[in-house]
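# Per-entry structural report
Residue-level listing of the chains:
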Amino acid sequence: KVIEHINNANGKTQFSFEILPPLKGQNITQIFDQMDPLMEFKPPFVDVTYHREEYVYKELENGLLQKKIVRKRPGTVGICAAIQNKYQVDAIPHILCGGFSKEDTENFLIDLGFLGIDNVMALRGDAVKSETYFTPERDGHSYAGDLVQQISELNMGKYLDAEIENQAQTDFCIGVAGYPDKHLEAPSLDSDIHFLKKKIDKGATYIVTQMFFNNAKYFSFVDKCRAAGITVPIIPGLKPLATKKQLNLIPHRFSLELPDELIADVVKCKDNKAVRELGVAWCIQQSKELIAAGVPVLHYYSMGKSDNIRAIASSLF
Ligand code: FAD
């Protein structure tokens, strides 16, 4: 379990990362090729994101538009099982409220339990492209906290409609997301932390943060969480910048601020190779300061590329 990996590390900062399932049609070797160069840094666990369906419109011969539901990156559960089998590390599937009824959630968790997957990262998910606001599935959860509650109840053997007595209990270790820049929809950071505390009270045992590029944001977020009574480990999530385009994409996509100094340095880069080098150097600096502050784990967002994460890890772990 993630929490056991943290508790057994005697205060040493550990390395971990998140990967995305490949685009539909690609082979599992695409995942292994990304992971192989990172395994020498001994991650105790690896996260695998979950990507829900998207609505796309296809033009028919008669000119009408047909709405189609497509999942571009399926395979989260299978990838987790394959990773655990190949590398003997704990794989953490992300699980969403969006697109899942409570029954779907229960069935998903039963599959995980049968596969020997004992950790989950519980998330609400974003609104799909055709929605302005997040809309829960019929009979699904509106907030990650409600999903955490369902997982905790299953851990106590409480199924939705079980037909047998003495139901098997699962034993999931549950992680949740935290936002040093506050979540996009939250009216304030205090309100966001208030609901983060509820996720912990319902049974989550650790937090992974959204990426940030200024450590002061993380330190202040941790202080605020502690003041609000959140005592669980708060794992910083980091991403090295890799392209100039990300200067616009990242703040917009993840609703966060980039430091002025980083923006100025990226603007001066002559090409994306230079941005990549700068992104790695910046991330190493961030990581060193976070290790010195005693964070339990450094969790890197690979976003489908591992060479820059490898460059960072080799100078730290
Ligand atoms: P919640 O905790 O439910 O919070 C959502 C918003 O509602 C916040 O503004 C919060 O303050 C507010 N809120 C919470 N509870 C209540 C309540 N009871 N009443 C009123 N307001 C409330 N997305 C994916 O699709 N797939 C992934 O694999 C994925 N992985 C992620 C991993 C990490 C580490 C992070 C940080 C994010 C990830 N996301 C992923 C994105 C995530 O799904 C979105 O950020 C989503 O918009 C919010 O998810 P959440 O779990 O934080 O939601």
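Our subject is the structure listed above.
Residues numbered from 1 in each chain as written. Predicted model: local features only at pLDDT ≥ 70, side-chain atom pairs only at ≥ 80, totals over all residues. Heavy atoms only, no water.

### Details of the nonpolar core
Grouped together as the largest cluster of nonpolar side chains are 92 residues, with contacts concentrated most on Phe17, Ile19, Met35, Ile83, Ile151, Phe213 and Tyr300. For this core, the element with the most residues is helix H10 (residues 272-292), which contributes 8 residues. Ignoring anything within four residues of it in the chain, the contact list for Ile19 reads Ile31, Gln34, Met35, Val46, Asp47, Val48, Thr49, Ile79, Ile83 and Ser302. (Core = buried A, V, L, I, M, F, W, Y, C linked by side-chain atoms within 4.5 Å. Buried < 20%, exposed > 50% of the residue type's maximum accessible area, 1.4 Å probe, protein only. Helix = DSSP H or I, 4+ residues; strand = E, 2+ residues; numbered from the N terminus. Contact = heavy atoms within 4.5 Å.)

### Some points on the sheet that holds strand E5 (residues 90-96)
Overall, parallel pairing links the 8 strands, which are arranged E1-E2-E5-E6-E7-E8-E9-E10 in a closed barrel. Across the sheet, the axes of successive neighbouring strands diverge by a mean angle of 30 degrees, strand direction being ignored. Pairing of strand E2 (residues 45-48) with E5 involves 4 bridges; the strand directions are parallel. Opposite Asp47, over in E5, you have Ile92 as the bridge partner. Contacting strand E1 (14-19), E2 and E5, helix H3 (residues 76-87) runs over the sheet at an angle of about 170 degrees to E5. (Pairing = 2+ DSSP bridges. Axes fitted to C-alpha atoms, helices over the stretch in contact; angles between N-to-C directions.)

### Section: the pattern of salt bridges
Here the structure, examined in full by the defined rule, presents 16 salt bridges. Close ionic contact of Arg276 with Asp307 constitutes a salt bridge, the shortest N to O distance being 2.9 Å. Placement of Arg276 in helix H10 and of Asp307 in helix H11 (residues 307-314) is noted, with a sequence separation of 31 residues between them. Given a relative accessible area of 22%, Arg276 falls into the partly exposed group. A relative accessible area of 47% places Asp307 in the partly exposed class. One network of salt bridges, with partners in common, ties together Glu54, Lys72 and Lys129. (Salt bridge = Lys/Arg side-chain N within 4 Å of Asp/Glu carboxyl O.)

### Points about the site of the ligand
The immediate surroundings of the ligand are formed by 22 residues, with Tyr50, Asp126, Tyr179, Asp192 and Lys199 found nearest. A distance of 2.8 Å is found between an oxygen atom of the ligand and a side-chain nitrogen or oxygen belonging to His183. A distance of 2.7 Å separates an oxygen atom of the ligand from a polar atom in the side chain of Lys199. Bound to the protein, the ligand loses 84% of the 980 Å² it would expose on its own. Elements that contribute at least two residues to the shell around the ligand include exactly E5, strand E6 (119-123), helix H6 (189-201) and strand E8 (206-211). In the shell around the ligand, the residues fall into 12 nonpolar, 5 polar and 5 charged. (Near = heavy atom within 4 Å. Polar contact = N/O pair within 3.5 Å; in protein donor to acceptor, adjacent residues only side chain to side chain. Areas by Shrake-Rupley, 256 points an atom, 1.4 Å probe, with all protein chains shown as cover. Nonpolar A, V, L, I, M, F, W, Y, C, P; charged D, E, K, R; others polar.)

### Things to note about the environment of Gly75
Relative to the helices and strands, Gly75 resides in the loop between strand E4 (65-70) and H3. With a relative accessible area of 34%, Gly75 lands in the partly exposed category. Expressed as a C-alpha distance, the spacing of Gly75 and Arg138, which sit 63 residues apart in the sequence, is 23 Å.

### Here's the deal with unusual backbone geometry
Backbone phi values are negative for most residues with the exception of glycine, while trans is the configuration of most peptide bonds. For Gln88, which is not glycine, the phi dihedral falls at a positive 55 degrees. Considering the arrangement of structural elements, one finds Gln88 in the loop between H3 and E5. One non-glycine residue, Ser255, lies in the positive phi region at around 50 degrees. Mapping Ser255 onto the fold places it in the loop between helix H8 (246-254) and helix H9 (260-268). Judged by relative accessible area, which is 24%, Ser255 ranks as partly exposed.

### Things to note about the side chain of Glu18
Checked against the element boundaries, Glu18 lands in strand E1. Buried charge without a partner: Glu18 forms no salt bridge, and the closest opposite charge is Arg253, 9.0 Å away. If near-sequence neighbours (up to four positions away) are discounted, Glu18 is found in contact with Asp47, Thr49, His94, His299, Tyr300, Tyr301, Ser302 and Met303. (Lys, Arg positive; Asp, Glu negative; His and termini not counted.)

### As for the packing of H10 against H11
Viewed as axis vectors pointing N to C, H10 and H11 meet at an angle of 40 degrees, and their least axial separation amounts to 9 Å. Taken together, the axes of H10 and H11 are oblique relative to one another. Between H10 and H11 lies a crossing of right-handed hand. On H11, the residues touching Arg276, Val280, Cys283, Ile284 and Ser287 of H10 are Asp307, Asn308, Ala311 and Ile312. Split into classes, the residues belonging to the contact of H10 with H11 amount to 5 nonpolar, 2 polar and 2 charged. (Parallel < 35°, antiparallel > 145°, perpendicular 65-115°, else oblique. Left-handed = near helix turned anticlockwise from the far one by under 90°.)

### Digging into the pairing of E2
The side-chain alternation of E2 yields two buried faces, one formed by Phe45 and Asp47 and the other by Val46 and Val48. A crossover connection joins E1 to the parallel E2 through helix H2 (residues 29-35); in handedness this β-α-β unit is right-handed. (Right-handed = clockwise from strand over helix to strand, strands pointing away.)

### Regarding the pairing of E5
Among the 7 residues of E5, 6 are classified as buried, and the element is accordingly described as predominantly covered. Relative to E6, E5 runs parallel, the two sharing 3 bridges. Note on E6: the bridge partner recorded for Ile95 is Ala122. Regarding the hand of the β-α-β motif, the stretch spanning E5, helix H4 (residues 102-114) and E6 is right-handed.

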